[in-house]
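Structural features, examined
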Amino acid sequence: MITLKHIEATFERFGFLKNQSLTGNEIQQKMDQMIGTKDMDRDVLNQILAQCHKSINQNYEQSYRMQDLAQTIHSAIIILGNKLEKIKTDIHTFREKQKKHQTQMSATSNSSEFKHIYLMINSANNISKKISYTDCHLQVALGSQSQRLKPIEHFDKVNPEFNREIEFSIPNNIYILTIQLYTKQNDSPLPTLMGQAQISLSTLEEQLKTLKLQLKDPLGKEVGCFIDMQVQLILNRYEYLQNQVGQSGDKIDQLTELNKQVAYQYDLLTRPFRHRHEEKITNENGQTSNQQESSFIQLKKPEEVAADPLQTSKVEINKTDQNSQPEDEYPQAPYDLDLGMTIFSFYGLITLFVCSAKPSFLDVLVCHGLMFTVFLDRFEPEHVKLVGLGLMASIIYDILWLSQYHSWWDSNDQNNPEWGEEASMFLKIILVLTYIQFFYKFLVFYYLYQFYKESLDPVKSYIFKIWNIEYKVGKNRQYVFWQ
């Protein structure tokens, strides 16, 4: 697997150092140099640069830091790898579906007089959280025909997913299809009917129709949840199966074409760093990495790829969770952010002293917001903006408070209505701390702005080391690349 460190090491090997910035054209030349030929597709590179944090250099051109570019490329490689894996799974699913329909066609007469009904049960939705249960199932019945559907493994108790296809032949004089939802507790021997719904066959059409069936209890009262499903009336089953075989074939062709495009992008992004990664494995193990080389396909552009539709789907790609990174993939936080956390900590300390006498609950909330940015991984623009608004509100509050109480400083009147006659010295100490805190907030605001700038880049993730404890920020962020 190509890691962030491998990417950064390869860039440094070709003279693109950390914290150094290059323009788009310079990065294009550098990538061509790394590949060895002028094969770096500018369109793909532009997609990467569009997701990367940028700045303006002295010549008023957009430039990109190596660290930011490496992190963006690494995230794109992970997502493209997962996308290839999903496409491969989808192609396999549609091939199996196509094969199944072809088998059914061979056993079905073209002149069949029986009608059929096709159902795709997606999920049950909006089950009340007050209903406690450990298992559930759907019972679907048409006349004497009945099927019991279990939800997927590790299902959501509020919106259990079923994702099941079923098909019934329609007997004569049967006009109603019934769907019932049952729930069951571990200590209960029998399941409990939670709700049911009925579909009148006379309302169905030959086109696929999406339904949201509201469930009702045996007394006819709606229970609040519904079944999300699709239903279709099949008048000629042979023609329907023929249709399904054609649709599956079209879907396989679309996925194969998409597979070529995604595999081309994946190959293009990994190619500059592949040799560096393989050399490292060779040096560590003392053997050649022919097996490693064979696990990466050498692709041409999508329009030049060989005709084999599963050529790229045969590649074994390391599975990586999109919302997680290996432990060593979190770089140390920049100096400005590290110093910012120190500034925030002193701000919290001053606030504790001030709050011993002054009702400054807004400052306490701001302190919590600042700490949560790292301690609870709230490294997001919306959170930082909210904390910034709270900080501005606390500055306005300080101005109003100081304008009211600074007059006590030189006053001979010891009858302080707030704290009593003996409180003048204590009041002066609090006033001094409040003035210090007031001006200190502008420094806090500056470093909060540094956090905001870094959080705008959706791939940024860092490690903060505070009192020898490491806090990872950025692991809960959503990736927006290549969707």
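Residues numbered from 1 in each chain as written. Predicted model: local features only at pLDDT ≥ 70, side-chain atom pairs only at ≥ 80, totals over all residues. Heavy atoms only, no water.

**Quick look at the pairing of strand S6 (residues 145–149)**
Formally: DSSP-based pairing: two strands are paired if at least 2 bridges between them are found. Here a helix means four or more residues in a row that DSSP labels H or I, a strand means two or more in a row labelled E, and each is numbered from the N terminus.
Of the pairings in the sheet, the one linking strand S5 (residues 135–142) to S6 comprises 5 bridges and is antiparallel in character. Bridging from a neighbouring strand, valine 140 pairs with glutamine 147 of S6. Hairpin connection from S5 to S6: 2 residues lie between these consecutive antiparallel strands, with glycine 143 at a positive phi of about 65 degrees.

**Quick word on the sheet that holds strand S3 (residues 62–65)**
Here is the rule we go by: Residue contacts are counted whenever heavy atoms from the two residues lie within 4.5 Å of one another. Between N-to-C directions, angles cover 0 to 180 degrees, with each direction set by a line fitted to C-alpha atoms, over the stretch in contact for helices.
An order of S1-S3-S2 is seen for the 3 strands of this open sheet, with the pairing classed as antiparallel. Pairing within the sheet leaves two strands with one partner each, and these edge strands are strand S1 (21–23) and strand S2 (55–56). Where S2 and S3 come together, 2 bridges link them in antiparallel fashion. Among the inter-strand pairings, isoleucine 56 is bridged to a residue of S3, identified as glutamine 62. Here helix H2 (residues 24–35) sits on the sheet and contacts S1 and S3; the angle it forms with S1, its principal contact strand, is near 95 degrees.

**Observations regarding a nonpolar patch on the surface**
Note the following rule: Exposure above 30% relative accessible area and no salt bridge define the residues that can form patches, which grow by joining like charges within 9 Å and nonpolar side chains of Val, Leu, Ile, Met, Phe, Trp and Tyr within 5 Å. Reported accessibility uses the Shrake-Rupley method at a 1.4 Å probe radius. Residues are deemed covered only where the shown protein chains occlude them. Any Lys or Arg side-chain nitrogen found within 4 Å of a carboxyl oxygen on Asp or Glu counts as a salt bridge.
Where nonpolar side chains cluster on the molecular surface, the patch consists of Phe346, Leu349, Leu352 and Phe353 and spans about 450 Å² of accessible area. By secondary structure assignment, the location of leucine 352 is in helix H7 (residues 335–354).

**Re the side chain of lysine 30**
This is how it is decided: A simple rule labels every residue: compare its accessible area, found with a 1.4 Å probe on the protein chains alone, to the largest value its type can have, and call it buried under 20%, exposed over 50%, or partly exposed in between. Charged residues are defined narrowly, with Lys and Arg counted positive, Asp and Glu counted negative, and His plus the chain ends left uncounted.
Within the element layout of this structure, lysine 30 appears in helix H2. An unpaired buried charge is present at lysine 30: no salt bridge exists, and glutamate 26, the closest side chain of opposite charge, is 8.6 Å distant.

**Some thoughts on the nonpolar core**
So the rule is basically this: Nonpolar core, defined: a set of buried Ala, Val, Leu, Ile, Met, Phe, Trp, Tyr and Cys residues in which side-chain atoms within 4.5 Å join the residues together.
One finds Ile7, Phe11, Ile27, Leu69, Ile73 and Phe273 to be the most contacted residues of the largest nonpolar core, which totals 33 residues. For this core, the secondary-structure elements that each account for two or more residues are helix H1 (4–13), H2, helix H3 (42–51), helix H4 (66–106) and helix H5 (237–285). Of the residues forming this core, the biggest block, 10 residues, is contributed by H4. The residues touching phenylalanine 11, leaving out its near neighbours within four places in the chain, are Phe16, Met31, Met34, Met66, Leu69, Ala70, Ile73 and Phe273. Within the second largest apolar cluster, 32 residues are counted, among which are Leu119, Leu149, Ile199 and Leu215.

**Brief notes about the UniProt feature "transmembrane region" (unreviewed entry) in the protein chain**
Inclusion rule: UniProt positions are given in the numbering used here, feature names are shortened, and annotations may be inferred rather than shown by experiment.
As recorded in UniProt, the feature "transmembrane region" (unreviewed entry) lies at residues 346–374, 386–405 and 425–449. With 100% helix and 0% strand, residues 425–449 has end C-alpha atoms that lie 36 Å from one another.

**Remarks on unusual backbone geometry**
Most peptide bonds take the trans configuration, and most residues that are not glycine carry a negative phi. Unusually for a residue other than glycine, asparagine 126 sits at a positive phi of about 65 degrees. Position of asparagine 126 among the secondary structure elements: in the loop between strand S4 (115–125) and S5. Its relative accessible area of 46% is what places asparagine 126 among the partly exposed residues. The phi dihedral of asparagine 163 is positive, around 50 degrees, even though this residue is not glycine.

**Some details on the pairing of strand S10 (residues 209–216)**
Bridge analysis of S10 against strand S11 (residues 222–234) gives 7 bridges, and the strand direction is antiparallel. By the bridge assignment for S11, leucine 211 is matched with methionine 229. Hairpin connection from S10 to S11: 5 residues lie between these consecutive antiparallel strands, with glycine 220 at a positive phi of about 90 degrees.

**Digging into the environment of glycine 249**
Position of glycine 249 among the secondary structure elements: in helix H5. Classification of glycine 249 by relative accessible area gives buried; the value is 16%. Through-space distance from the C-alpha of glycine 249 to that of glutamine 98 is 7.2 Å; in sequence the pair is 151 residues apart.

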